[in-house]
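# Structural description and commentary
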Amino acid sequence: MSKGFLEIENLSQRFPQPDSDDLMTVFEGVDLEIQKGEFVCLIGHSGCGKSTILNVLAGLATPTDGNVIMDNKEIKGPSLEQGVIFQNHSLLPWLSARDNVMFAVRARWPNWSKQKRLDHAEKYLKMVGLDHAMDRKPSQLSGGMRQRVGIARAFAIEPKLLLMDEPFGALDALTRGVIQEELLKIWSETHQTVFMITHDVDEAILLADRVLLMTNGPHAKVAESVKIDIPRPRERATLHQHESYYKIRNHLVDFLVHRAKDMSQEAQQEAAQGLDPRHQPRHVNPAKPSESAAPQERAAIRAV
Amino acid sequence: MNREATMNELNPALERMIPFLRLADQVRRRVQYPTVGIAGLFALWWWGGWLIANNEDTMAFASFAPGPTLAAFWDLVSSGNVWKPIESSLYRVGWGLFYAIAIGVPMGVMIGYFLTLKQITHVPFQFLRMISPLAWMPIAVLAFATWDGAIIFLIAIAAIWPITYATAHGVQRIDPMWLKVGSNLGANPIHTLRYIVMPAIAQDVFAGIRLAVGVAWIVLVPAEYLGVTSGLGYAINDARDTLEYDKLAAFVLVIGIIGYMLDAICVRLIKRSSYHAES
């Protein structure tokens, strides 16, 4: 079996509860693989632990159980190999747009000359269309522009893995659309491995190679890995005309509306019975249902 | 010819004037209201002087009025006698503030960062803060070998509280997100302090220093009434003893001017280090 670029093994997160001695299991037994250059979106309802998974990948949080291996090395703490784009842009307000990117570039390549760092930072700011606003402070930028600086900063350090936590959640619909397309453009140039959390089904279909679906917590699971079988380059304007679009979209929405809850109840019953929660997502291709793999395939293999 | 052409003919001379006119307008805007304020203060001063001069009981103090005072002020400046007391006073304030900053800023960072420390220090610090620095005078004189040392101690103990608490306030306002960004970029604790905490709290620290400068400058004069034979406080006391009221008032003027200048420097520093944190 070929090893993935990013391997998540038996990941679990449990938190102590204020009014009980028992730990609250947010998610458990998550097995995942992500290939190099893949764009993967994670969708799930609030409270299922999406952000915790992302923080673990970023090295900003430590899981209760399990580990994450990236490029044959275990992720144990934050490093410049993992770039993060947070929901609320998180720029340093006393630095200009350029200096915010420079700050990251200098951390990544401390030995570069100032000119080289400057050229590098400006290259990425230009990529996100901020040629004219590089000297402005975050307070002088619109919400969309700030998020673009955040994107430029994350891409500029050229991380092995780019993590995005609902990067466009705080933007209005128009701006979101524009920046999504810019993100696609940059991604098609750099082919970063991207792991992104979103609430927006259409955004996931537009951007991702694969969408991971999480059931509701507690005892949440990454239940399905849905292939987005729509060729690239994709465009927002024409995406919905593709024959697979509605099949995929219906599948995703159906999961979020109905099955996320049902499967969560199953998972809680299983947990009460003490079954092994370790699981791999079922691979699904709504465009070609025959290709979809049977559930629990890996569990069966392991039992043999 | 049409109107545009005539206007173009008029323009060259006028055009050359435009930058000057714009500058003059800017100066006017910046100066007009402060001028009114200063004029008001002078009027009040002049009126007070006039009242004193026309009252038989107070006639002896007539040289407090603007005329004699400004003459004495000019004497002090032109003879150079004004610099020595200023130098001594600034020396004491400078060292006092130095110690207050050197102790107050780290203390403020710790109090802002560790909630427990804030709770532990709250009662004792508020208690100490409310004691007039001058109340420490007898102890300071015993504890320090020189008068200078005692005065520097008094200034430092007065200036330390606003600096400490403004710094602590600044640390508490740090957005956890900025620290997250730092650690994501691999910043160690020293980097975090240097590149995130320090710039984030700079404007609060300078605001604290501004308050501290005000307090220090106020404490300085009464502290110099005692013991020492130099400085602005001493100069005032000396002028009183020798009945030179115009000179006394001139030193009051000097204290006000220097105090204003120190404050203006602090305002500059606050402005330079300030940023607008948006949500």
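A few words on the overall build of chain B. Scanning chain B from terminus to terminus reveals ten helices and zero strands. Order of helices (α) and strands (β) in chain B, N terminus to C terminus: α-α-α-α-α-α-α-α-α-α. The globule rule puts the C-alpha radius of gyration for 279 residues at 19 Å, and the 26 Å found for chain B is more than 25% above it. For chain B, the C-alpha atoms occupy an extent of roughly 75 × 70 × 30 Å along the three principal directions. Here chain B holds 279 residues, and 31% of them are scored as buried. Considering only contacts within chain B whose residues lie at least 6 apart along the sequence, 72% involve residues at least 24 apart.

On to the overall build of chain A, then. Of regular secondary structure, chain A possesses nine helices and eleven strands. For 304 residues, the compact-globule estimate of 2.2 N^0.38 gives 19 Å, and the C-alpha radius of gyration of chain A, at 20 Å, lies within 12% of that figure. With the principal axes as the frame, chain A shows a C-alpha extent of 60 × 50 × 40 Å. Out of the 304 residues belonging to chain A, those deemed buried represent 42%. A separation threshold of at least 6 residues defines the contact pool for chain A, and within that pool the share at least 24 residues apart is 70%.

With that settled, consider the sheet that holds strand β7 (residues 161-165) of chain A. Residues and elements named next belong to chain A. Read across the sheet, seven strands follow the order β6-β7-β8-β3-β9-β10-β11 without closing on themselves; strand pairing throughout is mixed. If you trace the sheet from one side to the other, it starts and ends with β6 (82-85) and β11 (282-284), each paired once. The sheet shows a mean angle of 20° between the axes of neighbouring strands, direction not considered. Judged from the four bridges that link them, strand β3 (residues 39-43) and strand β9 (residues 210-214) form a sheet pairing that is parallel. Across the sheet, the residue bridging to V40 is R210, located in β9.

Before going further, it helps to examine the domain arrangement of chain B. Split by domain assignment, chain B resolves into domain 1 (3-54) and domain 2 (77-273). A C-alpha centroid distance of 36 Å is found between domain 1 of chain B and domain 2 of chain B.

All names here are of chain A. Contact pair helix α3 (residues 114-127) / helix α4 (residues 143-156): the axes reach a minimum separation of 9 Å and the direction vectors enclose 135°. As summarised for this structure, α3 and α4 are arranged oblique, according to the angle between their axes. With respect to the hand of their crossing, α3 and α4 are arranged in right-handed fashion. Every residue of α4 that contacts α3 at H120, A121, Y124, L125 and M127 is listed here: A152, F155 and A156. A breakdown of the residues in the contact of α3 with α4 according to their chemical character gives seven nonpolar, one polar and no charged.

This paragraph deals with the packing of helix α7 (residues 176-184) of chain B against helix α8 (residues 189-224) of chain B. All names here are of chain B. Contact pair α7 / α8: the axes reach a minimum separation of 10 Å and the direction vectors enclose 155°. On the basis of the axis angle, α7 is roughly antiparallel to α8. In this structure, the crossing between α7 and α8 has a hand that is right-handed. Between α7 and α8, the residues in contact are W178, L179 and G182 and H191, T192, I196 and A200, respectively. In the contact of α7 with α8, the residues fall into four nonpolar, three polar and no charged.

All names here are of chain A. The strand order across the open sheet formed by four strands is β2-β1-β4-β5, and the pairing between neighbours is antiparallel. For this open sheet the edge positions go to β2 (20-34) and β5 (73-74), each flanked by a neighbour on one side alone. Where strand β1 (residues 6-17) and β2 come together, nine bridges link them in antiparallel fashion. If you follow L11 over to β2, its bridge partner there is V30. Relative to the sheet, helix α1 (residues 50-58) contacts β1, β2 and β4 (65-70), its axis offset from that of β1 by approximately 120°.

What follows concerns the nonpolar core. In terms of nonpolar packing, the biggest core is built from 139 residues, with A:V101, B:I155 and B:A216 touching the most fellow members. Sorting elements by how many residues they give to this core places helix α6 (residues 147-172) of chain B first, with 17 residues. Here A:V101 is in contact with A:A121, A:Y124, A:L125, A:V149, A:A152, A:R153 and A:A156, once residues within four sequence places are set aside.

Residue and element names in this part refer to chain B. Helix length check: helix α2 (residues 66-79), at 14 residues, gives a terminal C-alpha distance of 20 Å against a target of 20 Å (1.5 Å per residue), a fit within 8%. What α2 keeps buried is the set T69, A72 and F73. Axial view of α2: buried residues confined to an arc of 105°, hence all on one face. Residues G67, W74, S78 and S79 are exposed on α2 and point more than 90 degrees away from its buried face. Against α10 (245-273) lie the buried residues of α2. Where α2 ends, the next residue or the one after it, G80, has phi of about 80°, a positive value.

Residue and element names in this part refer to chain A. With 14 residues, α4 should cover 20 Å at 1.5 Å per step; its first-to-last C-alpha distance of 20 Å lies within 8% of that length. Here α4 lies mainly inside the structure; twelve of its 14 residues are buried. Looking at the packing, one finds that the buried side of α4 touches β6, α2 (97-108), α3, β7 and α5 (173-190). Backbone geometry just after α4 places E158 at a positive phi near 45°.

Residues and elements named next belong to chain A. Checked against the element boundaries, F15 lands in strand β1. For F15 and E33, which are 18 residues apart along the polypeptide, the C-alpha to C-alpha distance reads 25 Å. With residues near it in sequence (within four places) discarded, F15 still touches L23, M24 and V26.

So, on to the confidence of the model for chain B. All names here are of chain B. Mean pLDDT over chain B: 89, with 95% of residues reaching 70 or higher. Within chain B, no element has a lower average pLDDT than helix α1 (residues 3-53), which sits at 83, and none a higher one than helix α3 (residues 83-113), at 95. Model confidence for the complex is summarised by a pTM of 0.77, with the ipTM given as 0.73.

In this complex, chain A contributes 17 residues to the contact, which on the side of chain B involves 14 residues. Split into classes, the residues belonging to the side of chain A that touches chain B amount to twelve nonpolar, four polar and one charged.

About the cut-offs
- Residues numbered from 1 in each chain as written.
- Chains lettered and ligands numbered in written order.
- Predicted model: local features only at pLDDT ≥ 70, side-chain atom pairs only at ≥ 80, totals over all residues.
- Helix = DSSP H or I, 4+ residues; strand = E, 2+ residues; numbered from the N terminus.
- Rg over C-alpha atoms; globule rule 2.2 N^0.38 Å.
- Buried ≥ 20, exposed ≤ 12 C-beta atoms within 10 Å, placed from the backbone.
- Contact = placed C-beta atoms within 7 Å.
- Pairing = 2+ DSSP bridges.
- Axes fitted to C-alpha atoms, helices over the stretch in contact; angles between N-to-C directions.
- Domains from an automatic or database assignment.
- Parallel < 35°, antiparallel > 145°, perpendicular 65-115°, else oblique.
- Left-handed = near helix turned anticlockwise from the far one by under 90°.
- Nonpolar A, V, L, I, M, F, W, Y, C, P; charged D, E, K, R; others polar.
- Core = buried A, V, L, I, M, F, W, Y, C linked by C-beta atoms within 7 Å.
- Expected span 1.5 Å × (residues − 1).
- Arc of directions from axis to C-beta.
- pLDDT = per-residue confidence, 0-100.

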